[in-house]
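This is what each chain is made of:
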Amino acid sequence: MALLRLSLLLLLGACSGCKHPLCRCSDRMAFICQESRVTSVPRDIPRNSTELIFFLTKIRIIPKGAFSGFSEVEKIEISQNDALETIESDVFSQLPKLYEIRIEKANNLVYIDRFAFQSLPNLRYLMISNTAIRFFPSVNQVHSLQKVVLRLNKNGIREIENHAFNGTILSELNLSGNYHLDKLPNEVFQGANGPGFLDISETRISQLPSIGLENINKLIAKSTYNLKKLPPLDNFRALIEANLTYPSHCCAFANWTKQNSMLHPICNKSSIREDETDFGLDENDYYHTLCKDELPVTCFPEPDDFNPCEDIMGYNILRVLIWFINILAIMGNLVVLIILVSSQYKFTVPRFLMCNLAFADLCTGIYLLLIAIKDIETKSQYYNYAIDWQTGAGCNAAGFFTVFASELSIYTLTVITLERWHTITYAMELDRKVRFRHAMAIMLVGWVLAFAVALLPIFEVSSYMKVSICLPMDIETPLAQAYIMFLLVLNILAFLIICTCYISIYFTVRNPNVFSSNSDTKIAKRMAILIFTDFLCMAPISFFAISASLKVPLITVSNSKILLVLFYPINSCANPFLYAIFTKTFRRDFFILLSKFGCCEMHAQIYRTETSSSVHTSHMKNGHYTPAPKISDGTIYSLVPLNHVN
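Residues numbered from 1 in each chain as written. Predicted model: local features only at pLDDT ≥ 70, side-chain atom pairs only at ≥ 80, totals over all residues. Heavy atoms only, no water.

A. Here's a closer look at the side chain of Asn571. Along the chain, Asn571 turns up in helix H12 (residues 570-581). A relative accessible area of 6% places Asn571 in the buried class. Once residues within four sequence positions are removed from consideration, Asn571 is found in contact with Asp361, Leu413, Thr533, Asp534, Cys537 and Pro576. (Helix = DSSP H or I, 4+ residues; strand = E, 2+ residues; numbered from the N terminus. Buried < 20%, exposed > 50% of the residue type's maximum accessible area, 1.4 Å probe, protein only. Contact = heavy atoms within 4.5 Å.)

B. Representation of a nonpolar patch on the surface within the structure. A cluster of nonpolar side chains, Phe543, Leu550, Val552 and Leu554, forms an exposed patch at the surface whose accessible area comes to about 420 Å². Positionally, Phe543 belongs in helix H10 (residues 517-549). (Patch = residues over 30% accessible without salt bridge, like charges linked within 9 Å, V, L, I, M, F, W, Y side chains within 5 Å. Areas by Shrake-Rupley, 256 points an atom, 1.4 Å probe, with all protein chains shown as cover. Salt bridge = Lys/Arg side-chain N within 4 Å of Asp/Glu carboxyl O.)

C. Representation of the state of the cysteines. As enumerated under the stated definition, the model contains three disulfides in all. Two residues, Cys250 and Cys299, share a disulfide whose sulfurs are 2.0 Å apart. Across the S-S bond linking Cys250 and Cys299, the dihedral sits near -75°, which makes this disulfide left-handed. One end of the pair, Cys250, is in helix H2 (residues 247-254); the other, Cys299, is in strand S17 (residues 298-300), with 49 residues separating them in the sequence. Just as Cys250 is buried, Cys299 falls in that class too. Sulfur-sulfur distance for the disulfide between Cys251 and Cys309 comes to 2.0 Å. (Disulfide = S-S within 2.5 Å.)

D. Structural context of the environment of Val557. With respect to the element layout, Val557 can be found in helix H11 (residues 557-567). The exposure class of Val557 is buried, given its relative accessible area of 2%. In sequence terms Val557 and Gly314 are 243 residues apart; their C-alpha atoms lie 9.6 Å from each other.

E. Geometry of the environment of Glu187. On the secondary structure map, Glu187 appears in the loop between strand S13 (169-174) and strand S14 (197-199). For the pair Glu187 and Glu161, spaced 26 residues apart in sequence, the C-alpha to C-alpha distance is 8.4 Å. If near-sequence neighbours (up to four positions away) are discounted, Glu187 is found in contact with Asn162, His163 and Ile211.

F. Quick peek at the pattern of salt bridges. Per the stated rule, a full pass over the model turns up 15 salt bridges. For the salt bridge of Asp375 with Arg319, the shortest nitrogen-to-oxygen distance reads 2.6 Å. You can see Asp375 sitting in helix H5 (residues 349-377) and its partner Arg319 sitting in helix H4 (residues 316-342), a full 56 residues away along the chain. A relative accessible area of 0% means that Asp375 is categorised as buried.

G. How the structure looks around the confidence of the model for the protein. When pLDDT is averaged along the protein, the result is 78; 77% of the residues meet or exceed 70. Helix H1 (residues 2-14) is the least confidently modelled element of the protein, averaging 38 in pLDDT, while S14 averages 96, the highest of any element. For residues 259-266, every residue scores under 50 in pLDDT, and the model assigns this stretch 18 contacts once sequence neighbours within four places are set aside. Note on residues 462-469: pLDDT is under 50 here. Beyond four places in sequence and across chains, it has 44 contacts. (pLDDT = per-residue confidence, 0-100.)

This is the structure we're talking about:
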């Protein structure tokens, strides 16, 4: 009983100075203000308090030196104070036993003086979170002898100065949730020891400093979308775990071996100091982390089938083939365009349609060229360029080109087929002839349609698959699924129309009263080649796209690159040959153009003579000669030699 009475007297004596009408003292020597009527820091706080807690108060300003001189205080907490706006200088200074400071959920706190934290030799934990401060409060005057955990998450911090942590032993630095923070200066950790743990998640930081990363054993950068490139991996000498935004960055660590010099003083166990080994590792693990290769880096998110650790092309054979194919597509269609535009003969409907087809297929060649160039630029280091490429203008441009080119090409092929079918079916009815203005109107619709569907992903109606090939295959949302299915339906419908029309053409040209038997054989062969190339181009891509839209993916990104190089550009490479280069009319125009530069004049003259003879014959009817009108190329670049059809 005497002992209990003595303890009570001691407790009463300890709190005898606590006489504030709105605040109270606890039995732990804590001074607690939890009252909205508290609008300023009390002046009668007991000097022997070990904790100062201000919760749900309306204090607007914490004045200079408000807590200075409290020699026994160990913890100061200021939380959920919506009225707080300013913390002046020397508020937290000359506090020899203070080891923890918490300032949180003060949404209107916009200013903390750069000299607010000074001479705190035992500070181990500083938390400032959910405030509106814009500038990083300086901690290089703290002079703590302890390893300090700094949690400065979910503030409005926009800027951190170089040497901000000078003289500080940083165990942990948490800057997550500072959405406006876009830079860590290169010398921000200069003069500091650490950090061992760094969290920059949900910031706009685009670059890590190259100095001060050697002690980091855990790096967290989730949802840090601007961090697209990592510094040289040798800077991460102690790294054990990384939790990043992009799988491609984990590819950097997948096959990385720490190249640490065994001559480094840390690798001499006798030289390891205590302050070097307390970043979450014991001394033995720290030694192995820095000086051995036995502890690999654990990295998330891990690369998977849709984010593989490989270059854009992945396979060396594809790297070679894509150059051959894109050059073939570009040169073939460019030559066709030049010949068509420069020909001296009338610019007919078939010629106009062929120009559209050649331009569309030329765009496919340009798309493949962009991919091939980027593959060479990023060879063996794609992981460090992947994000810039996939989220930048390059991939968007490539994605636009491939959708625009493929849709315009298929649309034009369909129009060409329908025009040929119409011309053959109504060969004797000149009043039903397809006029140039009709063709222009029809192709204008095609251009608008192709342009629109190619632009939709850029405006995020759907998104291009963010992998090396930038094909429109991302089907994570219902809208994206609808987009992909719409393209597939259009392409399949076009293919069916082409097949139907050419079957009809085939049976029409078998009429011996109109076409010779020799023509029949040539037409059948070309039609078979045409339909076969269309099928090879469309069938594999459509099949895997449909399976993916049904959420049953049957192909990986690595294997899809085979489709990209070997199947996707088939039409773009074959069309200029099937529709133009292999035709006699194209060869005529080609040699005539060369003759203007003094080349192949003999061949050009032969074709001029043949053309003149053909025109003369076409105007002979029932044994009578009909004067020929101005030469017009009625058989231009057609699968069918309709010499008598204009």
